[in-house]
Amino acid sequence: MPTTDTYTDQNPLCFPKGTAGAYDGDPSKPFIKTNYPKRKDEYEWIYSDEPHTTRRKAILKQHPEIRKLFGPEIKTFYIVVAITLSQLWIASWIGNASWTVWLTVMYVYGATVNHTLQLANHEISHNLVFKDSLLANIFTGILANVATCIPSSITFRYYHMDHHIYQGVDVIDTDIPTEWELRTFTTTPLKFLWMVGQSLAYAFRPVFMNPKPVTKWQVFNALVIFAIDFGMYQAFGFWGFLYLLAGSFMGIGLHPAAGHFIAEHYVFVQGFETYSYYGSLNYVNLNVGYHNEHHDFPKIPWSRLPRVREIAPEWYNHLPHHESYLKVIWNFIFNSDIGPWSRVKRKTCTKFKKNKTVHHVTAD
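The sections below set out a description of the structure shown in this document. Since the model is a prediction, treat every value here as computed from it, not as a measurement.

Turning our attention to helix H2 (residues 75–93). Given a rise of 1.5 Å per residue, 19 residues ought to cover 27 Å, and the 28 Å separating the end C-alpha atoms of H2 matches this to within 8%. Those residues of H2 not exposed but buried are Thr-76, Val-80, Ile-83, Thr-84, Ser-86, Gln-87, Ile-90 and Ala-91. Buried residues along H2 sit against helix H3 (99–125), helix H4 (134–145) and helix H9 (216–251).

Structural data, given as structure tokens:
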């Protein structure tokens with residue numbers, strides 16, 4: 001075990017188990033720590049850099065074998081193809097089903113797997129499907145948009161890279177709710193509505209917070225998907241097409257699989273800005289629940305993220321984490337200590353100071 005004075009970063013995520021400053025509470029019960037003093041009309045501003053660069057360097061120094069986990073995962077491509085074909089098959093007949101069958105299949109299966117497709121695009125944004133082929137990753141991302149009906153792949157790629165490089169930085173990290181959201185969705189009924197419409201927040205928030213130049217790949221993404229949308233509408237009819245579109249809306253809204261949007265970076269324990277989830281929905285969410293692991297090592301694909309925790313348990317097992325997305329959603333809606341204000345923000349960071357003219361990560 002390293003000596004305590006090795007760790008000088010004051011962010012609590014940067015201390016491994018057994019060192020001074022490391023979390024010593026029950027890691028599986030983050031909700032009992034939410035009632036610390038806070039302002040509910042303001043974010044939680046901090047003045048240290050995001051913790052994952054520090055963690056990455058320290059973990060790799062102790063466990064260099066983790067580098068062997070880096071690289072693409074071709075299984076993601078086959079998952080995208082299989083889900084897309086299954087969704088198109090269902091859309092071809094569900095328009096003639098009863099409304100109870102339509103609603104049940106849409107919410108239980110359609111919303112779940114369309115969410116999986118969105119998370120496949122999360123992997124694709126890191127170019128973790130095909131090795132050394134940006135174009136193959138880009139086209140796989142566009143394929144993953146077919147059953148969701150939304151041309152989001154290229155735009156998500158740009159903004160998600162900002163989220164990793166400039167985590168929590170004001171304006172740049174559009175994963176954080178806007179000030180309007182913070183001041184508006186403050187009560188249980190309003191937080192419920194926010195959860196239902198979460199897909200709209202993720203669609204429009206980047207445009208208002210940090211608009212970027214439209215690129216040729218975004219235009220191509222949109223033209224391809226809207227053309228396919230028209231074809232699917234003609235082939236499957238209104239209700240068949242709506243099955244796909246509604247599944248996308250519900251899968252990112254009030255749905256158990258969408259609990260990760262809250263679980264990942266909302267502050268439940270004071271000072272901790274990233275949380276992992278170790279539960280069964282990782283199977284359909286492509287292990288996005290291993291979120292500390294993912295931010296520590298974004299070059300490791302979903303299929304190998306659990307190995308990170310197995311190799312370096314002293315860096316993960318003691319951290320506050322989640323075991324139920326339903327509990328996360330319930331607490332977000334009904335716990336008055338948690339809301340859109342429960343996010344860490346930074347005015348700037350070292351990476352931004354060095355690269356402040358580079359606000360846009362492109363796929364070109």
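Two numbers describe a pair of packed helices, the interaxial angle and the distance between the axes. Running from N to C, H3 and H4 point in directions that differ by 170°, and their axes come no closer than 9 Å. In terms of orientation, H3 and H4 fall into the roughly antiparallel class. By crossing handedness, the relation of H3 to H4 is classed as left-handed. Along its contact with H3, which presents Leu-117, Asn-121 and Ile-124, the element H4 presents Asn-137, Thr-140, Gly-141, Ala-144 and Asn-145. Among the residues making up the contact of H3 with H4, the classes are represented as three nonpolar, five polar and no charged.

Right, let's get into a nonpolar patch on the surface. Taken together, Leu-200, Phe-204, Val-207, Phe-208 and Phe-249 make up a surface patch of nonpolar side chains, about 530 Å² in accessible area. When residues of the nonpolar patch are assigned to their parent elements, the largest contribution, four residues, is made by helix H8 (residues 198–209). You can see Phe-249 is positioned in helix H9. The partly exposed category is assigned to Phe-249, whose relative accessible area is 32%.

Reading guide: rules and limits
- Residues numbered from 1 in each chain as written.
- Predicted model: local features only at pLDDT ≥ 70, side-chain atom pairs only at ≥ 80, totals over all residues.
- Heavy atoms only, no water.
- Helix = DSSP H or I, 4+ residues; strand = E, 2+ residues; numbered from the N terminus.
- Expected span 1.5 Å × (residues − 1).
- Buried < 20%, exposed > 50% of the residue type's maximum accessible area, 1.4 Å probe, protein only.
- Contact = heavy atoms within 4.5 Å.
- Axes fitted to C-alpha atoms, helices over the stretch in contact; angles between N-to-C directions.
- Parallel < 35°, antiparallel > 145°, perpendicular 65-115°, else oblique.
- Left-handed = near helix turned anticlockwise from the far one by under 90°.
- Nonpolar A, V, L, I, M, F, W, Y, C, P; charged D, E, K, R; others polar.
- Patch = residues over 30% accessible without salt bridge, like charges linked within 9 Å, V, L, I, M, F, W, Y side chains within 5 Å.
- Areas by Shrake-Rupley, 256 points an atom, 1.4 Å probe, with all protein chains shown as cover.
- Salt bridge = Lys/Arg side-chain N within 4 Å of Asp/Glu carboxyl O.

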